[in-house]
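So you can see what is in the structure, the chains are spelled out below.
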Amino acid sequence: MRAHRLAVSLLALAMAAETALAQAPDATAVVRLSYTQGQVRILQGETTEFDQAQANMPLLAGYTLATGEDGQAEVEFTDGSVARVTPNSQLRLDKLPGSDTRDETTELTMLSGLGYFELNTANSQHFAVHFNAAVAEPVSNSIFRISLDNAPEISVFVGTVRASVSGAFDQTVEEGVSLHFDANDASNVGRRLSNRTRGTSGTRTATTRSRSRPSSRRARGRPAAQPTSPVGMTWTPTATGIR
């Protein structure tokens, strides 16, 4: 029985790889689904491409990872960066530039739920993670979380991330800081420092409704530290993605 399941999994991987390579344009990267647990589906638009994704499946631009109540998944990009999605979440791979188009931006969209991102900028890679009406772009090697379970929120654990809403808000977010976005008014943003950054207990917020000037502080550019698993993550990463 185990041998039969293994054969079916290998066949599914082979078929997925053949399909991805046939569909991928020359200028588009094929990234890897490096980890799965529980129910993980792969969608393309409204169509389900795979009812149950398997680790090491290739992924194309336009694919959406959709996890069930027990589902978790990790995507590894060509530079070693990773994106992880937790149960009841969806992440869409919008644009995956090939290795010969380094100046172009890898674009992702967090559609629902909770996702963690470990993104590497050391070799001039560019990433943009869209969520709600906002976009997060790492300025230095960064680890951050995007939550859409309630009001949209971005929390930076390591590095510096630029968070912006077109025409309404633009600010760099340092490690230890969270931004909370009003789901109904993208220009209404609350800023909160974590306890380890303040050195005190409690919550302190500051809300702005006007366009904020980006921080003039130069990104430190130092390699990010080896991360511990953030709250809500239960697996061991296959690669940190941060050198």
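Look up a bit, the structure's there.
Presented here is an overview of the structure given in this document. Since this is a predicted model, take the numbers as computed values, not measurements.

1. Quick look at the overall build of the protein
Part 1 of the reasoning: Along its length, the protein carries 2 helices and 19 strands.
Part 2 of the reasoning: A separation threshold of at least 6 residues defines the contact pool for the protein, and within that pool the share at least 24 residues apart is 49%.

2. Brief notes about the packing of aromatic side chains
Part 1 of the reasoning: With the rule as written, the count across this model stands at 5 aromatic pairs.
Part 2 of the reasoning: Consider the rings of phenylalanine 77 and phenylalanine 127, whose centres lie 5.8 Å apart with planes at 70°: the pair is edge-to-face. Placement of the pair is phenylalanine 77 in the loop between strand E6 (72–76) and strand E7 (82–85) and phenylalanine 127 in strand E11 (residues 126–131), with a sequence separation of 50 residues. For the pair phenylalanine 77 and phenylalanine 127, one class covers both residues: buried.
Part 3 of the reasoning: Their ring planes at 15° and their centres at 6.3 Å tell us that tyrosine 116 and phenylalanine 157 sit as a pair that is stacked. You can see tyrosine 116 sitting in strand E10 (residues 114–119) and its partner phenylalanine 157 sitting in strand E14 (residues 153–158), a full 41 residues away along the chain.
Part 4 of the reasoning: Assessed through its relative accessible area of 26%, phenylalanine 157 is described here as partly exposed.
Part 5 of the reasoning: Every member of this aromatic cluster is reached through a ring pair, and the members are Phe131, Phe169 and Phe181.

3. Focus: the pattern of salt bridges
Part 1 of the reasoning: For the structure on display, the rule yields 8 salt bridges.
Part 2 of the reasoning: Between arginine 84 and glutamate 118 there is a salt bridge, with the nearest N and O atoms lying 2.5 Å from each other. In this pair, arginine 84 is assigned in strand E7 and glutamate 118 in strand E10, connecting sequence segments 34 residues apart.
Part 3 of the reasoning: Glutamate 118 gets classed as buried once you look at its relative accessible area, which sits at 3%.
Part 4 of the reasoning: For glutamate 137, the salt bridge identified is with arginine 162, shortest N-O distance 3.8 Å. Here arginine 162 lies in strand E15 (residues 160–165) and glutamate 137 lies in strand E12 (residues 134–138), a separation of 25 residues in the sequence.
Part 5 of the reasoning: Residue glutamate 137 is classed as partly exposed on the basis of its relative accessible area, which comes to 25%.
Part 6 of the reasoning: On the accessibility criterion, arginine 162 (33% relative accessible area) is partly exposed.

4. Observations regarding the sheet that holds strand E3 (residues 47–50)
Neighbouring strands of a sheet are bound in pairs by backbone hydrogen bonds; such pairs are parallel or else antiparallel.
Part 1 of the reasoning: Within the open sheet, the 9 strands sit side by side as E3-E2-E5-E8-E9-E11-E12-E15-E16. Their pairing is mixed. Edge positions in the sheet fall to E3 and strand E16 (169–174), since each has one partner strand and no second. Ignoring which end each strand starts from, the neighbouring axes of this sheet average 25° apart.
Part 2 of the reasoning: For strand E8 (residues 90–95) and strand E9 (residues 105–112), the ladder comprises 5 bridges, and the chain directions are antiparallel. Following the sheet pairing, leucine 91 is matched in E9 by methionine 110.

5. Focus on the nonpolar core
Part 1 of the reasoning: With 44 residues, the main nonpolar core has Leu59, Phe117, Phe131, Phe144, Ile146, Ile154 and Phe181 as its most contacted residues.
Part 2 of the reasoning: Setting aside residues up to four positions removed in sequence, isoleucine 154 forms contacts with Phe131, Ala136, Phe144, Arg145, Ile146, Val161, Val177, Ser178, Leu179 and Phe181.

6. Here we look at unusual backbone geometry
Part 1 of the reasoning: For asparagine 88, which is not glycine, the phi torsion reads 55° and is therefore positive.
Part 2 of the reasoning: Structurally, asparagine 88 can be placed in the loop between E7 and E8.
Part 3 of the reasoning: Phi angles above zero are rare outside glycine, and asparagine 132 is one such case at about 55°.
Part 4 of the reasoning: Relative to the assigned elements, asparagine 132 resides in the loop between E11 and E12.
Part 5 of the reasoning: Of the residues examined, asparagine 132 reaches a relative accessible area of 48% and is grouped as partly exposed.

Parameters at a glance
- Residues numbered from 1 in each chain as written.
- Predicted model: local features only at pLDDT ≥ 70, side-chain atom pairs only at ≥ 80, totals over all residues.
- Heavy atoms only, no water.
- Helix = DSSP H or I, 4+ residues; strand = E, 2+ residues; numbered from the N terminus.
- Contact = heavy atoms within 4.5 Å.
- Phe/Tyr/Trp six-rings, centres within 6.5 Å; stacked < 30°, edge-to-face > 60°.
- Buried < 20%, exposed > 50% of the residue type's maximum accessible area, 1.4 Å probe, protein only.
- Salt bridge = Lys/Arg side-chain N within 4 Å of Asp/Glu carboxyl O.
- Pairing = 2+ DSSP bridges.
- Axes fitted to C-alpha atoms, helices over the stretch in contact; angles between N-to-C directions.
- Core = buried A, V, L, I, M, F, W, Y, C linked by side-chain atoms within 4.5 Å.

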